[in-house]
Amino acid sequence: MNSEQQYIDLYHQARQMIFDHAPEAMNAVRDEAFEAFKAQGFPSKKVERYKYTDMQKLFEPDYGVNLSRLEIPVDPYQAFRCDVPNLSTSLYFVVNDMFFRDDKPKGHLPEGVIIGSLRDNPGFVADYYAKLAKTSDDAITALNTMLAQDGLLVYVPKNVKVDRAIQVINILKATPSNAQRRVPDLMVNRRVLIILEEGAEIKMLFCDHAADDRNFLATQVIEAYVGENASLDLYCMEETHHKNVRISNVYIDQQRDSRVNHNVITLHNGITRNKLDLTFSGEGAECQCYGCVIADKQQHVDNNTLITHKATHCTSNELYKYVLDDQSVGAFAGRVLVEHGAQKTTSQMTNQNLTATKEARMYTQPMLEIYADDVKCAHGSTVGQLNDAALFYMRQRGISLEEAKLLLQNAFINEVIDKMQLEPLRDRLHYLVEKRFRGELNKCDGCRLCK
(Lines give C-alpha, C1' and ligand atoms only; values in the text may rest on other atoms or scores of the structure.)
Protein backbone atom coordinates (compact mmCIF):
# COMPACT_ATOMS: atom_id res chain seq x y z
CA MET A 1 0.00 0.00 0.00
CA ASN A 2 1.37 3.43 -0.88
CA SER A 3 1.48 6.12 1.78
CA GLU A 4 -1.62 8.02 0.69
CA GLN A 5 -3.86 4.98 0.15
CA GLN A 6 -4.36 4.38 3.87
CA TYR A 7 -5.64 7.94 4.26
CA ILE A 8 -7.91 7.59 1.23
CA ASP A 9 -9.33 4.40 2.74
CA LEU A 10 -9.64 6.06 6.14
CA TYR A 11 -11.67 8.92 4.69
CA HIS A 12 -14.00 6.55 2.85
CA GLN A 13 -14.56 4.51 6.00
CA ALA A 14 -14.81 7.32 8.56
CA ARG A 15 -16.27 10.18 6.51
CA GLN A 16 -19.58 10.26 8.40
CA MET A 17 -17.82 10.20 11.77
CA ILE A 18 -15.57 13.08 10.71
CA PHE A 19 -18.58 15.12 9.58
CA ASP A 20 -20.57 14.34 12.74
CA HIS A 21 -17.83 15.75 14.98
CA ALA A 22 -16.97 18.88 13.01
CA PRO A 23 -18.73 22.21 12.29
CA GLU A 24 -20.65 22.61 9.05
CA ALA A 25 -18.34 25.35 7.74
CA MET A 26 -15.30 23.06 7.98
CA ASN A 27 -17.23 20.19 6.41
CA ALA A 28 -18.18 22.43 3.47
CA VAL A 29 -14.66 22.21 2.02
CA ARG A 30 -13.79 18.71 3.24
CA ASP A 31 -14.80 16.66 0.19
CA GLU A 32 -13.04 19.10 -2.12
CA ALA A 33 -9.89 18.74 -0.02
CA PHE A 34 -10.18 14.95 -0.20
CA GLU A 35 -10.40 15.03 -4.00
CA ALA A 36 -7.36 17.34 -4.12
CA PHE A 37 -5.38 15.01 -1.87
CA LYS A 38 -6.40 11.94 -3.85
CA ALA A 39 -5.34 13.63 -7.10
CA GLN A 40 -1.95 14.81 -5.81
CA GLY A 41 -0.83 12.13 -3.37
CA PHE A 42 2.05 12.88 -1.06
CA PRO A 43 4.77 14.91 -2.78
CA SER A 44 7.91 13.00 -3.69
CA LYS A 45 11.38 14.46 -3.38
CA LYS A 46 11.13 15.29 -7.08
CA VAL A 47 8.67 18.08 -6.18
CA GLU A 48 10.75 21.26 -5.89
CA ARG A 49 9.36 22.51 -2.57
CA TYR A 50 9.69 19.08 -0.94
CA LYS A 51 13.06 17.97 -2.30
CA TYR A 52 14.79 17.88 1.09
CA THR A 53 12.19 15.92 3.12
CA ASP A 54 10.68 12.54 2.18
CA MET A 55 6.98 13.08 2.87
CA GLN A 56 5.94 9.70 1.54
CA LYS A 57 8.14 7.93 4.08
CA LEU A 58 6.94 10.09 6.98
CA PHE A 59 3.31 9.13 6.39
CA GLU A 60 3.91 5.40 5.87
CA PRO A 61 3.36 4.31 9.52
CA ASP A 62 -0.14 3.51 10.69
CA TYR A 63 -0.95 6.28 13.18
CA GLY A 64 -4.10 6.45 15.27
CA VAL A 65 -6.42 9.42 14.68
CA ASN A 66 -8.93 10.65 17.27
CA LEU A 67 -11.83 11.15 14.85
CA SER A 68 -14.49 10.44 17.49
CA ARG A 69 -13.14 13.41 19.52
CA LEU A 70 -12.57 11.55 22.79
CA GLU A 71 -11.62 13.89 25.62
CA ILE A 72 -7.98 13.66 26.64
CA PRO A 73 -7.57 12.94 30.40
CA VAL A 74 -5.14 15.72 31.24
CA ASP A 75 -5.33 19.08 32.98
CA PRO A 76 -2.70 21.18 31.18
CA TYR A 77 -2.75 23.84 33.89
CA GLN A 78 -1.49 21.26 36.38
CA ALA A 79 0.90 19.65 33.93
CA PHE A 80 2.55 22.60 32.24
CA ARG A 81 5.19 24.87 33.72
CA CYS A 82 5.72 27.97 31.63
CA ASP A 83 9.19 28.09 30.09
CA VAL A 84 8.93 31.85 29.65
CA PRO A 85 8.31 33.36 33.10
CA ASN A 86 7.28 37.00 33.61
CA LEU A 87 5.92 37.20 30.09
CA SER A 88 2.46 38.13 31.41
CA THR A 89 0.69 36.20 28.71
CA SER A 90 -2.91 35.16 28.34
CA LEU A 91 -2.50 31.39 28.38
CA TYR A 92 -4.47 28.95 26.22
CA PHE A 93 -4.02 25.26 25.45
CA VAL A 94 -4.56 22.99 22.49
CA VAL A 95 -4.37 19.33 23.51
CA ASN A 96 -3.48 17.43 20.35
CA ASP A 97 -5.88 19.13 17.92
CA MET A 98 -8.62 20.09 20.41
CA PHE A 99 -9.00 23.57 21.87
CA PHE A 100 -9.02 23.15 25.66
CA ARG A 101 -12.23 24.71 27.01
CA ASP A 102 -12.30 25.69 30.67
CA ASP A 103 -13.71 28.30 33.01
CA LYS A 104 -10.43 29.48 34.46
CA PRO A 105 -9.95 33.26 34.14
CA LYS A 106 -7.74 34.56 31.36
CA GLY A 107 -5.98 37.88 31.15
CA HIS A 108 -8.46 40.57 30.21
CA LEU A 109 -9.05 40.80 26.47
CA PRO A 110 -10.27 44.01 24.86
CA GLU A 111 -13.90 44.12 23.82
CA GLY A 112 -14.61 42.19 20.66
CA VAL A 113 -11.45 40.06 20.71
CA ILE A 114 -12.08 36.34 20.32
CA ILE A 115 -9.70 33.55 21.34
CA GLY A 116 -11.62 30.33 21.02
CA SER A 117 -12.68 27.28 19.09
CA LEU A 118 -13.55 27.32 15.39
CA ARG A 119 -16.55 25.17 16.27
CA ASP A 120 -17.96 27.97 18.43
CA ASN A 121 -17.54 30.67 15.75
CA PRO A 122 -19.04 29.31 12.52
CA GLY A 123 -19.41 32.72 10.85
CA PHE A 124 -15.68 33.36 10.75
CA VAL A 125 -15.02 29.84 9.52
CA ALA A 126 -17.42 30.26 6.61
CA ASP A 127 -15.90 33.61 5.58
CA TYR A 128 -12.18 32.87 5.97
CA TYR A 129 -11.46 29.16 6.43
CA ALA A 130 -9.39 27.46 3.69
CA LYS A 131 -9.29 30.62 1.55
CA LEU A 132 -5.52 31.20 1.87
CA ALA A 133 -4.58 27.55 2.41
CA LYS A 134 -5.58 26.25 -1.00
CA THR A 135 -5.88 22.48 -1.05
CA SER A 136 -5.22 22.33 -4.80
CA ASP A 137 -1.69 23.67 -4.28
CA ASP A 138 -0.38 21.44 -1.47
CA ALA A 139 -1.15 17.83 -0.58
CA ILE A 140 -0.30 18.25 3.13
CA THR A 141 -2.70 21.18 3.38
CA ALA A 142 -5.31 19.08 1.59
CA LEU A 143 -4.79 16.19 4.03
CA ASN A 144 -5.08 18.51 7.02
CA THR A 145 -8.25 20.13 5.61
CA MET A 146 -9.92 16.78 4.96
CA LEU A 147 -9.20 15.46 8.50
CA ALA A 148 -9.18 18.53 10.81
CA GLN A 149 -12.34 18.75 12.92
CA ASP A 150 -11.76 21.85 15.04
CA GLY A 151 -9.14 24.48 15.61
CA LEU A 152 -8.20 27.79 17.17
CA LEU A 153 -9.71 31.13 16.15
CA VAL A 154 -7.97 34.43 16.90
CA TYR A 155 -9.98 37.52 15.92
CA VAL A 156 -9.06 41.14 16.63
CA PRO A 157 -11.54 43.82 15.46
CA LYS A 158 -10.75 47.13 13.83
CA ASN A 159 -8.27 49.43 15.63
CA VAL A 160 -8.06 47.16 18.70
CA LYS A 161 -4.65 46.55 20.24
CA VAL A 162 -4.11 43.45 22.42
CA ASP A 163 -1.40 44.56 24.83
CA ARG A 164 -0.98 41.21 26.58
CA ALA A 165 0.71 38.55 24.46
CA ILE A 166 -1.34 35.45 23.68
CA GLN A 167 0.52 32.21 24.47
CA VAL A 168 -0.85 28.96 23.02
CA ILE A 169 0.60 25.71 24.32
CA ASN A 170 0.25 22.81 21.89
CA ILE A 171 0.49 19.59 23.90
CA LEU A 172 0.78 16.18 22.24
CA LYS A 173 -0.77 13.51 24.48
CA ALA A 174 -1.48 9.90 23.51
CA THR A 175 -4.47 8.12 25.07
CA PRO A 176 -4.85 4.42 25.91
CA SER A 177 -6.93 2.39 23.49
CA ASN A 178 -9.93 0.81 25.24
CA ALA A 179 -9.76 -2.18 22.90
CA GLN A 180 -6.06 -2.92 23.13
CA ARG A 181 -5.20 -1.32 26.48
CA ARG A 182 -2.11 0.30 25.10
CA VAL A 183 -1.00 3.79 24.22
CA PRO A 184 -1.00 4.03 20.41
CA ASP A 185 1.08 6.24 18.20
CA LEU A 186 -0.96 9.28 17.28
CA MET A 187 -1.55 11.63 14.36
CA VAL A 188 -3.08 15.05 15.04
CA ASN A 189 -4.25 17.73 12.60
CA ARG A 190 -4.23 21.23 14.01
CA ARG A 191 -5.90 24.25 12.47
CA VAL A 192 -5.39 27.95 13.35
CA LEU A 193 -7.27 30.91 11.87
CA ILE A 194 -6.00 34.43 12.67
CA ILE A 195 -8.01 37.47 11.54
CA LEU A 196 -6.75 41.01 12.16
CA GLU A 197 -8.99 43.78 10.92
CA GLU A 198 -7.74 47.24 9.94
CA GLY A 199 -5.43 48.77 12.57
CA ALA A 200 -5.51 45.70 14.85
CA GLU A 201 -2.43 44.50 16.75
CA ILE A 202 -1.56 41.25 18.51
CA LYS A 203 1.46 39.21 19.60
CA MET A 204 1.14 35.41 19.54
CA LEU A 205 3.49 32.75 20.89
CA PHE A 206 2.91 29.08 19.98
CA CYS A 207 4.88 26.50 21.99
CA ASP A 208 4.91 22.85 20.90
CA HIS A 209 5.50 20.16 23.55
CA ALA A 210 5.13 16.38 23.69
CA ALA A 211 3.76 14.81 26.88
CA ASP A 212 4.38 11.13 26.08
CA ASP A 213 7.33 9.10 24.91
CA ARG A 214 5.40 8.00 21.83
CA ASN A 215 5.61 8.45 18.08
CA PHE A 216 3.62 11.53 17.07
CA LEU A 217 2.81 12.97 13.67
CA ALA A 218 1.40 16.50 13.77
CA THR A 219 0.20 18.43 10.74
CA GLN A 220 -0.62 22.08 11.26
CA VAL A 221 -2.11 24.74 9.00
CA ILE A 222 -2.15 28.40 10.08
CA GLU A 223 -4.02 31.01 8.04
CA ALA A 224 -3.43 34.66 8.99
CA TYR A 225 -5.27 37.62 7.47
CA VAL A 226 -3.52 40.88 8.36
CA GLY A 227 -5.64 43.91 7.47
CA GLU A 228 -4.62 47.45 6.52
CA ASN A 229 -2.20 49.01 9.02
CA ALA A 230 -2.51 45.92 11.24
CA SER A 231 0.39 44.28 13.10
CA LEU A 232 1.00 40.59 13.82
CA ASP A 233 3.89 39.10 15.77
CA LEU A 234 3.87 35.31 15.36
CA TYR A 235 6.40 33.21 17.28
CA CYS A 236 6.51 29.42 16.89
CA MET A 237 8.80 27.45 19.23
CA GLU A 238 9.28 23.69 19.19
CA GLU A 239 10.53 21.69 22.19
CA THR A 240 9.34 18.15 21.56
CA HIS A 241 11.44 14.96 21.26
CA HIS A 242 13.13 12.69 18.73
CA LYS A 243 9.97 10.62 18.08
CA ASN A 244 7.98 13.61 16.92
CA VAL A 245 7.26 14.50 13.29
CA ARG A 246 5.98 18.05 12.85
CA ILE A 247 4.75 19.45 9.53
CA SER A 248 3.55 23.05 9.65
CA ASN A 249 2.22 25.16 6.78
CA VAL A 250 1.72 28.88 7.48
CA TYR A 251 -0.18 31.13 5.07
CA ILE A 252 -0.15 34.91 5.62
CA ASP A 253 -1.85 37.63 3.57
CA GLN A 254 -0.84 41.26 4.21
CA GLN A 255 -2.83 44.31 3.22
CA ARG A 256 -1.70 47.94 2.81
CA ASP A 257 0.82 49.23 5.41
CA SER A 258 0.58 46.08 7.55
CA ARG A 259 3.47 44.64 9.55
CA VAL A 260 4.34 41.01 10.31
CA ASN A 261 7.12 39.52 12.43
CA HIS A 262 7.32 35.75 11.95
CA ASN A 263 9.80 33.75 14.05
CA VAL A 264 10.48 30.00 14.02
CA ILE A 265 12.59 28.48 16.80
CA THR A 266 13.52 24.77 16.83
CA LEU A 267 15.27 23.68 20.03
CA HIS A 268 14.33 19.98 20.27
CA ASN A 269 12.62 17.83 17.65
CA GLY A 270 12.66 14.66 15.61
CA ILE A 271 11.74 15.60 12.05
CA THR A 272 10.41 19.09 11.36
CA ARG A 273 9.21 20.63 8.15
CA ASN A 274 8.03 24.27 8.21
CA LYS A 275 6.55 26.01 5.19
CA LEU A 276 5.75 29.73 5.03
CA ASP A 277 3.77 31.30 2.20
CA LEU A 278 3.46 35.06 2.67
CA THR A 279 1.82 37.42 0.17
CA PHE A 280 1.92 41.21 0.01
CA SER A 281 -1.53 42.12 -1.34
CA GLY A 282 -1.38 45.83 -0.41
CA GLU A 283 1.33 48.44 -0.90
CA GLY A 284 3.63 49.66 1.85
CA ALA A 285 3.53 46.40 3.85
CA GLU A 286 6.58 44.83 5.47
CA CYS A 287 7.58 41.53 7.04
CA GLN A 288 10.50 40.32 9.12
CA CYS A 289 10.98 36.54 9.03
CA TYR A 290 13.53 34.94 11.34
CA GLY A 291 14.43 31.36 12.13
CA CYS A 292 16.95 29.62 14.37
CA VAL A 293 17.64 25.90 14.49
CA ILE A 294 19.77 23.84 16.87
CA ALA A 295 19.95 20.18 15.89
CA ASP A 296 22.05 17.15 16.77
CA LYS A 297 21.91 13.34 16.71
CA GLN A 298 19.71 12.37 13.72
CA GLN A 299 17.37 15.35 13.88
CA HIS A 300 16.08 16.86 10.65
CA VAL A 301 14.83 20.45 10.18
CA ASP A 302 13.59 21.80 6.85
CA ASN A 303 12.40 25.41 6.47
CA ASN A 304 10.82 26.42 3.16
CA THR A 305 9.60 29.96 2.45
CA LEU A 306 7.87 31.75 -0.41
CA ILE A 307 7.36 35.52 -0.18
CA THR A 308 5.30 36.97 -3.01
CA HIS A 309 5.43 40.70 -3.70
CA LYS A 310 2.25 41.62 -5.55
CA ALA A 311 2.08 45.27 -4.50
CA THR A 312 4.47 48.24 -4.65
CA HIS A 313 6.68 49.67 -1.88
CA CYS A 314 6.77 46.45 0.18
CA THR A 315 9.72 45.23 2.25
CA SER A 316 10.69 41.70 3.22
CA ASN A 317 13.64 40.58 5.30
CA GLU A 318 14.58 36.96 6.05
CA LEU A 319 17.33 35.64 8.32
CA TYR A 320 17.60 31.92 9.13
CA LYS A 321 20.50 30.40 11.09
CA TYR A 322 21.29 26.74 11.78
CA VAL A 323 23.77 25.02 14.09
CA LEU A 324 24.05 21.32 13.23
CA ASP A 325 25.91 18.67 15.21
CA ASP A 326 26.39 14.89 15.00
CA GLN A 327 24.49 13.41 12.01
CA SER A 328 21.74 16.03 11.92
CA VAL A 329 20.37 17.41 8.66
CA GLY A 330 19.21 20.94 7.95
CA ALA A 331 17.60 22.47 4.89
CA PHE A 332 16.56 25.98 3.92
CA ALA A 333 14.90 26.86 0.63
CA GLY A 334 13.69 30.42 0.30
CA ARG A 335 12.14 32.07 -2.72
CA VAL A 336 11.19 35.71 -3.20
CA LEU A 337 8.84 36.33 -6.11
CA VAL A 338 8.45 39.93 -7.31
CA GLU A 339 5.53 40.06 -9.70
CA HIS A 340 4.94 42.45 -12.61
CA GLY A 341 4.15 45.93 -11.33
CA ALA A 342 5.54 45.40 -7.82
CA GLN A 343 7.94 48.32 -8.14
CA LYS A 344 9.95 49.80 -5.26
CA THR A 345 10.27 46.35 -3.69
CA THR A 346 13.00 45.88 -1.09
CA SER A 347 13.99 42.33 -0.15
CA GLN A 348 16.88 40.71 1.70
CA MET A 349 17.24 36.95 2.27
CA THR A 350 20.09 35.49 4.32
CA ASN A 351 20.78 31.92 5.41
CA GLN A 352 23.87 31.22 7.54
CA ASN A 353 24.84 27.80 8.88
CA LEU A 354 27.39 26.10 11.10
CA THR A 355 28.16 22.38 10.83
CA ALA A 356 30.00 21.14 13.91
CA THR A 357 30.90 17.71 12.46
CA LYS A 358 31.81 16.25 9.09
CA GLU A 359 28.69 14.07 9.24
CA ALA A 360 26.22 16.95 9.63
CA ARG A 361 24.55 18.05 6.39
CA MET A 362 23.09 21.40 5.36
CA TYR A 363 21.19 22.08 2.12
CA THR A 364 20.58 25.71 1.24
CA GLN A 365 18.80 27.21 -1.76
CA PRO A 366 18.01 30.96 -1.70
CA MET A 367 16.18 32.14 -4.82
CA LEU A 368 15.02 35.42 -6.38
CA GLU A 369 12.46 35.62 -9.19
CA ILE A 370 11.93 39.21 -10.32
CA TYR A 371 9.58 40.62 -12.94
CA ALA A 372 9.90 44.32 -12.03
CA ASP A 373 12.77 46.67 -12.84
CA ASP A 374 12.78 49.16 -9.93
CA VAL A 375 13.67 46.93 -6.97
CA LYS A 376 16.40 46.35 -4.38
CA CYS A 377 16.73 42.62 -3.83
CA ALA A 378 19.60 40.52 -2.50
CA HIS A 379 20.15 37.04 -1.17
CA GLY A 380 23.00 34.97 0.19
CA SER A 381 23.91 31.83 2.09
CA THR A 382 26.95 30.42 3.86
CA VAL A 383 27.83 26.99 5.25
CA GLY A 384 30.92 26.63 7.38
CA GLN A 385 32.52 25.49 10.59
CA LEU A 386 33.67 27.36 13.67
CA ASN A 387 36.47 29.83 13.08
CA ASP A 388 39.78 28.17 13.93
CA ALA A 389 41.47 31.51 14.55
CA ALA A 390 38.80 32.54 17.06
CA LEU A 391 39.05 29.18 18.82
CA PHE A 392 42.83 29.49 18.99
CA TYR A 393 42.55 33.06 20.34
CA MET A 394 40.21 32.00 23.18
CA ARG A 395 42.25 28.90 24.05
CA GLN A 396 45.35 31.07 24.39
CA ARG A 397 43.43 32.95 27.08
CA GLY A 398 42.66 29.90 29.17
CA ILE A 399 39.24 29.03 27.78
CA SER A 400 38.70 25.32 27.19
CA LEU A 401 37.96 24.06 23.70
CA GLU A 402 34.40 23.01 24.59
CA GLU A 403 33.65 26.35 26.26
CA ALA A 404 35.12 28.25 23.32
CA LYS A 405 32.92 26.31 20.90
CA LEU A 406 29.88 27.02 23.05
CA LEU A 407 30.63 30.76 23.15
CA LEU A 408 31.01 30.95 19.38
CA GLN A 409 27.83 28.95 18.74
CA ASN A 410 25.91 31.14 21.16
CA ALA A 411 27.15 34.32 19.52
CA PHE A 412 26.21 32.93 16.10
CA ILE A 413 22.62 32.00 16.95
CA ASN A 414 21.95 34.99 19.22
CA GLU A 415 21.80 37.35 16.24
CA VAL A 416 18.41 35.86 15.41
CA ILE A 417 17.15 35.85 19.00
CA ASP A 418 18.15 39.49 19.51
CA LYS A 419 15.74 40.53 16.74
CA MET A 420 12.69 39.21 18.60
CA GLN A 421 10.33 41.88 19.87
CA LEU A 422 9.10 40.14 23.06
CA GLU A 423 11.84 41.01 25.54
CA PRO A 424 11.01 38.34 28.21
CA LEU A 425 10.91 35.68 25.49
CA ARG A 426 14.18 36.96 24.07
CA ASP A 427 15.89 36.80 27.47
CA ARG A 428 14.53 33.34 28.21
CA LEU A 429 15.64 32.03 24.82
CA HIS A 430 19.21 33.18 25.45
CA TYR A 431 19.15 31.00 28.58
CA LEU A 432 17.50 28.02 26.85
CA VAL A 433 19.89 28.14 23.89
CA GLU A 434 22.92 28.07 26.18
CA LYS A 435 21.46 25.08 28.06
CA ARG A 436 20.75 23.39 24.73
CA PHE A 437 24.35 23.76 23.57
CA ARG A 438 25.58 22.45 26.93
CA GLY A 439 23.35 19.38 26.61
CA GLU A 440 21.41 20.37 29.75
CA LEU A 441 18.05 21.11 28.14
CA ASN A 442 15.69 18.17 28.54
CA LYS A 443 13.10 17.40 25.90
CA CYS A 444 10.07 19.55 26.68
CA ASP A 445 11.74 21.44 29.53
CA GLY A 446 8.49 23.24 30.32
CA CYS A 447 6.27 20.16 30.63
CA ARG A 448 5.84 17.98 33.72
CA LEU A 449 3.55 15.42 32.10
CA CYS A 450 6.23 12.87 31.33
CA LYS A 451 8.39 13.35 34.42
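Residues numbered from 1 in each chain as written. Predicted model: local features only at pLDDT ≥ 70, side-chain atom pairs only at ≥ 80, totals over all residues. Heavy atoms only, no water.

### A short note on the pattern of salt bridges
Convention followed: Salt bridges, as used here, are contacts in which a Lys or Arg side-chain nitrogen is within 4 Å of a carboxyl oxygen on Asp or Glu. Helix numbers and strand numbers start at the N terminus; a helix is a DSSP run of H or I with at least 4 residues, a strand a run of E with at least 2. Working definition: with a 1.4 Å probe on protein chains only, accessible area under 20% of the residue-type maximum means buried, over 50% means exposed, and in between means partly exposed.
Per the counting criterion, the structure on display carries 20 salt bridges. Residues Glu35 and Lys38 are paired through a salt bridge, measuring 3.6 Å at the closest nitrogen-oxygen approach. Placement of both Glu35 and Lys38 in helix 3 (residues 30-40) is noted, with a separation of 3 residues, approximately one turn of the helix. Among the residues examined, Glu35 registers a relative accessible area of 43% and is labelled partly exposed. The salt bridge involving Glu48 is made with Lys51; its shortest N-O contact spans 3.7 Å. The class of Glu48 is partly exposed, set by a relative accessible area of 43%.

### Some points on unusual backbone geometry
You will see that His313, though not glycine, has its phi angle at about 55 degrees, which is positive. Checked against the element boundaries, His313 lands in the loop between strand 15 (300-309) and strand 16 (315-324). Although it is not a glycine, Asp326 adopts a positive phi angle of roughly 55 degrees. With respect to the element layout, Asp326 can be found in the loop between strand 16 and strand 17 (329-338). For Asp326, a relative accessible area of 28% corresponds to the partly exposed category.

### Points about the side chain of His262
How we decide: Contacts are residue-level and defined by heavy atoms, with any inter-residue pair within 4.5 Å sufficient.
With respect to the helices and strands, the residue His262 is situated in strand 12 (residues 259-268). Residue contacts for His262: discarding those within four places in its chain leaves Leu234, Val250, Leu276, Gln288, Cys289, Tyr290 and Tyr320.

### Points about the sheet that holds strand 20 (residues 375-384)
To keep things clear, this is the line we draw: Strand pairing is assigned whenever DSSP detects at least two bridges linking the two strands. Angular values range over 0 to 180 degrees, each being the angle between N-to-C directions of two axes fitted as lines to C-alpha atoms, with helices fitted over their stretch in contact.
Taken together, 10 strands build an open sheet; the order of strands is 3-2-6-8-10-12-14-16-18-20 and the sheet is mixed. On the outer flanks of this sheet lie strand 3 (98-99) and strand 20, each paired with one strand and no other. Where strand 18 (residues 345-355) meets strand 20, 10 bridges bridge the pair, whose relative direction is parallel. Paired with Asn353 across the bridge in strand 20 is Val383. Along the sheet, helix 9 (residues 401-417) makes contact with strand 14 (286-295), strand 16 and strand 18, crossing strand 16 at roughly 155 degrees. Across the sheet, helix 10 (residues 423-438) lies against strand 8 (201-210), strand 10 (231-239), strand 12, strand 14 and strand 16, angled at about 25 degrees from strand 12, the strand it touches most.

### Things to note about helix 7 (residues 139-147)
What counts, and what does not: What qualifies as a polar contact is a pair of N or O atoms within 3.5 Å, subject to a donor-acceptor requirement within protein and to the restriction that residues adjacent in sequence count only when both atoms come from side chains.
For helix 7, the buried fraction is high: 9 of the 9 residues fall into the buried class. Looking at helix 7, one finds that the buried residues are Ala139, Ile140, Thr141, Ala142, Leu143, Asn144, Thr145, Met146 and Leu147. For helix 7, the N-terminal capping position is held by Asp138, with its side-chain oxygen 3.0 Å away from the main-chain nitrogen of Ile140.

### Structural notes on the environment of Gly284
Relative to the helices and strands, Gly284 resides in the loop between strand 13 (271-280) and strand 14. A C-alpha to C-alpha distance of 4.6 Å links Gly284 and Asp257, two positions 27 residues apart in sequence.

### Some words on the confidence of the model for the protein chain
As a note on interpretation, predicted positions should not be read in detail where pLDDT is low. The condition that has to hold: Residue-level confidence of the predictor is what pLDDT reports, using numbers from 0 through 100.
Per-residue confidence for the protein chain averages 89 on the pLDDT scale, and 91% of its residues sit at or above 70. Across residues 445-451 the pLDDT falls below 50, and counting only partners more than four positions away or on other chains, this stretch makes 27 contacts in the model.

### Topic: the packing of helix 3 against helix 7
Keep this limit in mind: Definitions for this section: a left-handed crossing has its near helix turned counterclockwise from the far helix by less than a right angle. A right-handed crossing has that turn clockwise. For this classification, Asp, Glu, Lys and Arg are treated as charged, while Ala, Val, Leu, Ile, Met, Phe, Trp, Tyr, Cys and Pro are nonpolar and the rest, including Gly, are polar.
Where helix 3 meets helix 7, the axes come as close as 8 Å, and the angle between the chain directions of the two elements is 145 degrees. Read as a crossing pair, helix 3 and helix 7 show a hand that is left-handed. Contact with helix 3, carried on its side by Arg30, Ala33, Phe34, Ala36, Phe37 and Gln40, involves Ala139, Ala142, Leu143, Thr145, Met146 and Leu147 of helix 7 and no other residues of that element. Looking at the contact of helix 3 with helix 7, its residues break down into 9 nonpolar, 2 polar and 1 charged.

### Some remarks on the pairing of strand 12
With 9 of its 10 residues buried, strand 12 lies for the most part within the structure. For strand 10 and strand 12, the ladder comprises 9 bridges, and the chain directions are parallel. Its bridge partner lying in strand 12, Tyr235 is registered against Asn263. One ladder, built from 8 bridges, connects strand 12 with strand 14; its direction is parallel. In the sheet register, Asn263 faces strand 14, and the bridge partner there is Tyr290.

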